[in-house]
Amino acid sequence: EHVNECSVEEVNDLYEQREVATARITGKTSQVPFPLYPTEELDKPQSDHWTPLIDINLKEGGSFIGDPDLKSEHAPKVLEFFASLVDIQSSKKRTDHKVEPAIYKVMPETCIEIASKSRLDSGYRVMCRAVRHNLDSKCPPVDESSCELVIDSKGEIGIRLGGKIPASMKKNVYDTELVCTATELLCCKCGCQSGSQDKQRILCVHILAELYKLVRCMFGHRSEHILLYLVSRVVGCTVDGVVNPAPSDNDEDWMWRVSDWSDDEYASVKRSIIKMMSAAGEVISDSTLNRSIVELLDKFHTCTEQRKEWAQRCKVPPDPAQLGPISGMSFDSAVKQTQVAFKIDKVSEALKSDTPPSAQSNESKAAPESEPTNEASPTEPVNYLKILFLVNAFGYDMSTSTSVGQRLIVERAKKEMGADFQAAIQANDAAKIDIKNLVEASKSRSKAPKSESQKNNLQVKKTTRKPKPKSVSKPPRKMTRSESKKPPKKKDSRAHFKRCKYGNCGKTNRSNPELEFLKVPCWPVKQLKDTTPIEAVTNHYGKVIVREETLRRLSLPRTDMGTHYICEDHQFVTVKKSKTFRLRPTDRGTITLDYNITVPTKQTEERTLPSTTTKGLGSDRKINRLLHELKSSIADPALSAVSGNDPSLSLDTDEETPEKKVSALETENEHLRSEVATQNFGRMQDWEVAEGNERNPINPVNAVAAGLGA
């Protein structure tokens, strides 16, 4: 545009830029292998790169298999090509995405290979456009396309397909034609603006759409039709109880003998038959893979009832007259509609369950109440009167609208109303009009007229309008006298109120300021994630089990969220508790860890747990040794002389009896144990202090129990 307005220098610059861009594009064409040959090969009467084999009338299904010109040596390559059109490998990883694009679940390997090698990128857009063009209602079926089998220079058998593809947003219809094998795109031609012509080698979006029409047809009934014709042509297969060929037949040369194929050709034919059987609705199991070609074809020929049941379970579009409200309808994407048409999801479900279609249908017959039906459930009639009232409540009058849909709602609402009710509505509308007029009149109503004397005494003074003064910031409000007399509120200097929750203790930090109060560990605040370290996870559940066990011993609800304290006058014990949890929220398995936790003793004698078997500190072990020696001396007086030489036992034995000494030592031992347990319980409160840190410290006792300590 505006080329005539450019100077000579500007035109030369633009021409040089175009040459550079053309050179870059031309340099990259060598990186795109497909199509192999220019478009002019399609216009030649006889191409040098492929040779016609037989013509195919697509309206007759798979009857081309019975063509006499199709010899036994052609069978493996022909079946391999048609099997490649139904070879969809949805589990194969193709991108770096976490979830593969859905287009790869409905696209066979042949189409993916052609699209990726005809573009510098992956050809994703070409494949998406092919699916959308096929679901276009303007797109003609593949039966109207011309088709013939060809043999290329490498001996591979492919197809030459030509048809019409309508434009997506115009009324144009483009003539397309292509020649391809199971692995290569030989040549193509299209009448669109981006299509390949003359010596060009370009794959536009309409070429793959033409091939994809044949792919969709293969997933319909063409795969089944090809296999049924193949049964009648392979020697050894049974047709209507007679083994091929019959003695009365004179067309034994027309039959295909399995013995004429090599081992590689035999394996290729078997793979092709299994792929087309799967596309036709057969469930492929391990036993199916171990059968021979003749056994596979005989099984396929005799199991037509299974495929009928398979087709009956496919979703059938409901009658438009039976459709419910639009809010209850779901509009699937083009790829999802293709998946339903290909029955890919049903094949995967059957393979996972290892249940044949006949068994699944028998189960559905046994439970008719859960059997899905094609008939849509009856819907409630539309209440047009309710719709009309709802719209009128917002102040919008649909009767004055020019929209056909709104006028239709009004007419149907009037039909639902009776004669008396309609008269009431008309009266209501008239009342609305009267109210509207009154409101408008009240706005324009003048004041009461003045008398003549008032009019004469009325003097009109002309005053000049003074400019508004500029806004001045107001000074701060002064404190009133009453406010100044009020004394300021004094802050409570006392410590935070703490009350012991152990039984009927009831001691507080204000009545007993010298007494120390220990805080019960609170519930964990941070939520666990997939990236949370294992130490933090173990610490998290350690706090949970300490909180739960402490609340249980204090006779409080397990889900209590309050803050509680325990004074140091009570005894504490170390017990072992187990906790089962998942290291990661997404893990299926659980682990169980034992935690050594310090909690207050129970409030009743009957429920008191035995103390731990730990040997305690050094002083604790010394007292235990003294107790043991004293008890031994009481039991055996002979040992008292020996023990009397020990300076550690130099006590006032003359004044106190051994029984009193034992009692005093046991009291001191119990006091030391209580102090150690109190220190352990106070150490657990470090979790609360470190809650805001990036990494919470783990309780040393819990670390050893979880296998994290040395």
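Keep in mind that this is a model prediction, so the values were computed, not measured. (Residues numbered from 1 in each chain as written. Predicted model: local features only at pLDDT ≥ 70, side-chain atom pairs only at ≥ 80, totals over all residues. Heavy atoms only, no water.)

1. What about the nonpolar core?
Core analysis: the biggest nonpolar cluster contains 82 residues, and Phe82 and Leu149 have the highest contact counts within it. Sorting elements by how many residues they give to this core places helix H6 (residues 205-231) first, with 14 residues. When sequence neighbours within four positions are dropped, the list of residues in contact with Phe82 reads Ile56, Phe64, Leu149, Met218, Ile226 and Met276. (Core = buried A, V, L, I, M, F, W, Y, C linked by side-chain atoms within 4.5 Å. Buried < 20%, exposed > 50% of the residue type's maximum accessible area, 1.4 Å probe, protein only. Helix = DSSP H or I, 4+ residues; strand = E, 2+ residues; numbered from the N terminus. Contact = heavy atoms within 4.5 Å.)

2. Remarks on helix H11 (residues 334-342)
Think of an α-helix as 3.6 residues a turn; residues three or four steps apart then line up on the same face. Within H11 the residues assigned to the buried category are Val335, Thr338, Gln339 and Phe342. Projected down its long axis, H11 shows its buried positions confined to an angular sector of 105°, all on one face. (Arc of directions from axis to C-beta.)

3. Structural notes on the packing of aromatic side chains
Tallying each qualifying case throughout the model produces three aromatic pairs. An angle of 35° between the planes, with centres 5.1 Å apart, marks the rings of Phe64 and Phe82 as tilted. Here the residue Phe64 occupies a position in the loop between strand S1 (50-56) and helix H3 (75-84), and Phe82 occupies one in helix H3, the gap between them amounting to 18 residues. Phe82 carries the same exposure label as Phe64, and that label is buried. Look at Tyr541 and Phe581: their rings are 4.3 Å apart centre to centre, the planes differ by 15°, and that puts the pair in the stacked class. In this pair, Tyr541 is assigned in helix H19 (residues 534-553) and Phe581 in strand S10 (residues 572-581), connecting sequence segments 40 residues apart. By relative accessible area, which is 19% here, Tyr541 ends up buried. In textbook terms, an aromatic cluster arises when at least three aromatic residues are bridged by ring pairs, as seen for Phe64, Phe81 and Phe82. (Phe/Tyr/Trp six-rings, centres within 6.5 Å; stacked < 30°, edge-to-face > 60°.)

4. Re the side chain of Ser272
Tracing the chain through its elements places Ser272 in helix H7 (residues 263-280). Setting aside anything within four residues of it in sequence, one finds Ser272 in contact with Leu79, Glu80 and Ala83.

5. Considerations on a negative patch on the surface
A grouping of Glu9, Glu10, Asp13, Glu16 and Glu19 is seen on the molecular surface, where their side chains present a negatively charged patch. What makes Glu16 partly exposed here is its relative accessible area of 48%. (Patch = residues over 30% accessible without salt bridge, like charges linked within 9 Å, V, L, I, M, F, W, Y side chains within 5 Å. Areas by Shrake-Rupley, 256 points an atom, 1.4 Å probe, with all protein chains shown as cover. Salt bridge = Lys/Arg side-chain N within 4 Å of Asp/Glu carboxyl O. Lys, Arg positive; Asp, Glu negative; His and termini not counted. Charge placed at Lys NZ, Arg CZ, Asp CG, Glu CD.)

6. Let's talk about the packing of H6 against H11
Where H6 meets H11, the axes come as close as 9 Å, and the angle between the chain directions of the two elements is 40°. In terms of their interaxial angle, H6 and H11 are classed as oblique. Facing H6, whose interface residues are Tyr212, Val215, Arg216 and Phe219, H11 presents Thr338, Ala341 and Phe342. Looking at the contact of H6 with H11, its residues break down into five nonpolar, one polar and one charged. (Axes fitted to C-alpha atoms, helices over the stretch in contact; angles between N-to-C directions. Parallel < 35°, antiparallel > 145°, perpendicular 65-115°, else oblique. Nonpolar A, V, L, I, M, F, W, Y, C, P; charged D, E, K, R; others polar.)

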